[in-house]
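These are the residues of each chain, in order.
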Amino acid sequence: DTGQAAAAGDTVLVCAGTYDTAGVSDEVSYQPVNSGSAGNPIVFRAVGTVTLTLSSNGSAIGSHNADYITWDGFTINDSTDPQFDADGLVHCQDADHLTLTNLRLIGRNEVGLEGNNYAGVFFTTCDFLEISHSTISNFGSGDAGEDENQAGIIGYYNSGDITIEHNEFYECGTGYYNKAQVSTAPPPYDVGETGRSVFRFNLLHNNKQGIRHHRSPYASGHEWLVYQNVFYDHTLAGVVVESFDLGDTDPKRGIYVNNTFVDNGDYGIRILNLAASSGFEIRNNIFSGAQYAVNYAGATYSADRFALDRNQGNGQGTAYGAISTTDYTLANWKTATSEDDNSISTAPTFDNAGADDYHLTSNGQAALTLGRVVYSIGGTNGDTIPAGAYITGSETIGPDAGGATVPDAPTIGTATAGNGQCSVAFTPPGDDGGSTITGYTATST
């Protein structure tokens, strides 16, 4: 009943506990009936630990066709209640202006799920979507063969103006799979209404690959900006860029700036192929450990496919990068590619790499003045900044307490009855006891 369901401007507080309901195939079980509006979203907020389970396959939360919806603070653990299947524990489709924040999403590793788009969050045909301050793990590692189609987040067709920030991804086939941000119809493609999508301040570790970047033909002004993230201890690569057909749907204008890559298997960034004039940029990054900084595996290389500069590569032995199966020192790479003119191969030093703290030490090392601002990330374009994820040194990478919006539980007194009436004291969260709630009646048996 749309008249009785939560409406624009309402906040629904869900008290701590475990809630089970039937799954709905290809739908959201807790589906909002109404849409919110600009400045007045409908907010569903967990109070304490709220765990959602399903008694049959489906997706628990998200939105189909309802706009301006926020889900805040929920836990979904598919490893203890294996009823979820493809297309996300959280599913968002044909809905705009959604916020998913403070979530804890735990998947399960199962061979039968391989190739099924099994994910913590699956979104398609969504604009203005924010995913933040969440921890997403166990989608497609271990026994599932680390399938890249099982991912913490899968972004699918016709979505744009996406913000993914302050999340942690681990033990997944892919942390974030930018899978198919376009339809298969002829161009022009819908890749967002107003501007760029961003992936920033995320912590990605112990996956097969941190990001897999697939079909995304972004136009100028609609770039995919990936900046100030930390990638470490992946079994294959920090980032894998995979062209689909070297045609109109291929990845274009992926901007990888000021990220830190440490010990990511064989590759910091592996580019399987790119079409000509793809406009990729790889700048101000730190690559530390045994992986190649950049591997271009395509059969055809030309300098217009990507631009690289002011990166720091270290620990790759004699090779900084590779084209196909040919390894290059940094000096030879510069000659072969006409890129990385100002990049260096000296070793960075971190505050506490043993504890996975990759802040740069303040010891005059070259990385501190290696970077230059692009796309206004970290200052005014052209300004001198450090390479790597920590531009100021005070950034929080991964979830932080600043994202928490969960209130205290309301206080409900003991009911007293007399003369056919019932009254109960109710103190709203954060209230000093001075509020009065009126207009309610109660019946009792």
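Since this is a predicted model, take the numbers as computed values, not measurements. (Residues numbered from 1 in each chain as written. Predicted model: local features only at pLDDT ≥ 70, side-chain atom pairs only at ≥ 80, totals over all residues. Heavy atoms only, no water.)

S.K.: Got a sec to walk through the packing of aromatic side chains? Specific residues and values, please.
M.R.: If you walk through the whole model with that rule in mind, you get 20 aromatic pairs. Ring centres of F231 and F261 lie 4.6 Å apart, and the angle between their planes is 10°; on these two criteria the pair is classed as stacked. Of this pair, F231 sits in strand β19 (residues 230-232) while F261 sits in strand β22 (residues 260-262), and the two are 30 residues apart along the sequence. For the residue pair F231 and F261, the accessibility class agrees, reading buried in each case. Seen in terms of ring centroids, Y232 and Y358 are 5.6 Å apart; in terms of plane orientation they differ by 55°. Their pairing is tilted. Of this pair, Y232 sits in strand β19 while Y358 is found in strand β32 (residues 357-360), placing the two residues 126 residues apart along the sequence. Judged by its relative accessible area of 7%, Y232 falls in the buried class. Each member of the aromatic cluster is reached from another via a ring pair, and the members are F169, Y176, F199 and W224. (Phe/Tyr/Trp six-rings, centres within 6.5 Å; stacked < 30°, edge-to-face > 60°. Helix = DSSP H or I, 4+ residues; strand = E, 2+ residues; numbered from the N terminus. Buried < 20%, exposed > 50% of the residue type's maximum accessible area, 1.4 Å probe, protein only.)

S.K.: How would you sum up the sheet that holds strand β17 (residues 209-215)? Please name residues and give values.
M.R.: The strand order β3-β5-β8-β11-β14-β17-β20-β23-β26-β29-β30 describes an open sheet built from 11 strands, whose pairing is mixed. Each edge of the open sheet carries a strand with a single partner, namely β3 (61-64) and β30 (326-328). Taken pair by pair, the neighbouring strands of this sheet meet at an average axis angle of 10°, ignoring direction. Where strand β29 (residues 321-323) and β30 come together, three bridges link them in antiparallel fashion. When the bridges of β30 are listed, G321 appears paired with Y328. (Pairing = 2+ DSSP bridges. Axes fitted to C-alpha atoms, helices over the stretch in contact; angles between N-to-C directions.)

S.K.: So what's going on with the pattern of salt bridges? Residues and values would help.
M.R.: Tallied over the full model, the rule gives seven salt bridges. With a closest N to O distance of 2.4 Å, R108 and D78 form a salt bridge. Residue R108 is located in the loop between β7 (104-106) and β8 (119-124), and its partner D78 is located in the loop between β4 (69-77) and β5 (90-93); the two are separated by 30 residues in the primary sequence. A relative accessible area of 11% places R108 in the buried class. In this structure D78 comes out as buried when scored by relative accessible area, which is 0%. Across the pair R200 and E165 runs a salt bridge, and its minimum N-O distance is 2.7 Å. With R200 in strand β15 (residues 197-200) and E165 in strand β12 (residues 160-165), this pair connects stretches of sequence that are 35 residues apart. Judged by relative accessible area, R200 falls into the partly exposed class, the value being 21%. (Salt bridge = Lys/Arg side-chain N within 4 Å of Asp/Glu carboxyl O.)

S.K.: Residues and numbers for helix α1 (residues 330-337), please.
M.R.: Of all the positions in α1, only L330, W333 and T337 are classed as buried. End-on, the buried residues of α1 take up no more than an arc of 50°, which puts them together on one face. In α1, the exposed residues that point more than 90 degrees away from the buried face are A331 and T335. At its buried positions, α1 is contacted by β26 (292-296), β27 (306-309), β29 and β30. Looking one or two residues past α1, S338 carries a phi angle of roughly 60°, positive in sign. (Arc of directions from axis to C-beta. Contact = heavy atoms within 4.5 Å.)

S.K.: Tell me about unusual backbone geometry, residues and numbers included.
M.R.: Positive phi values are uncommon outside glycine, yet N138 reaches one of about 75°. Among the structural elements, N138 can be located in the loop between β10 (135-137) and β11 (151-155). Backbone geometry at S338 places phi at a positive 60°, although glycine is not the residue there. Locating S338 in the fold gives a position in the loop between α1 and β31 (350-352). The exposed category is assigned to S338, whose relative accessible area is 53%.

S.K.: Describe in detail the side chain of S134, supporting the description with residues and values.
M.R.: Mapped onto the fold, S134 is located in the loop between β9 (127-132) and β10. S134 sits in the buried class, given a relative accessible area of 1%. A polar side-chain atom of S134 sits 2.9 Å from the main-chain amide nitrogen of L103. (Polar contact = N/O pair within 3.5 Å; in protein donor to acceptor, adjacent residues only side chain to side chain.)

S.K.: Tell me about the pairing of β12, and name the residues and values.
M.R.: Burial runs high along β12: five of the six residues are buried. Bridge count for β9 against β12 is five bridges, and the pairing is parallel. Note on β12: the bridge partner recorded for L129 is I162.

S.K.: Mind laying out the state of the cysteines, listing which residues take part and the relevant values?
M.R.: Structurally, a disulfide amounts to a covalent bond that connects the sulfur atoms of two cysteines. The final tally for this structure, using the stated rule, is zero disulfides. Distance from the sulfur of C92, which forms no disulfide, to the nearest cysteine sulfur (C126) is 5.3 Å. Residue classification places C92 among the buried positions, given a relative accessible area of 0%. (Disulfide = S-S within 2.5 Å.)

S.K.: I'd love a proper account of the pairing of strand β20 (residues 237-241), names of residues and values included.
M.R.: Counting buried residues along β20, five of its five residues qualify, which places the element largely inside the surrounding structure. As paired elements, β17 and β20 share four bridges and run parallel to each other. When the sheet's bridge partners are listed, I211 is paired in β20 with V239. Bridge analysis of β20 against strand β23 (residues 267-271) gives four bridges, and the strand direction is parallel. Considered in β23, the bridge of V239 is made with I269.

S.K.: Give me the lowdown on the environment of I76, citing residues and values where you can.
M.R.: Residue placement: I76 occurs in strand β4. With 29 residues separating them in the primary sequence, I76 and L105 have C-alpha atoms 5.1 Å apart. I76 has contacts with L52, A60, I61, F84, L89, V90, R104, L105 and I106, leaving out every residue within four places of it along the chain.

S.K.: Mind laying out the confidence of the model for the protein chain, listing which residues take part and the relevant values?
M.R.: Counting all residues, the mean pLDDT for the protein chain is 85, and 82% of those residues have values of 70 or more. Confidence drops under a pLDDT of 50 for residues 183-189, and excluding neighbours within four residues, the segment shows 10 contacts in the predicted structure. Within the model, pLDDT remains below 50 along residues 402-410, and this stretch shows 23 contacts once partners closer than five positions in the same chain are excluded. (pLDDT = per-residue confidence, 0-100.)

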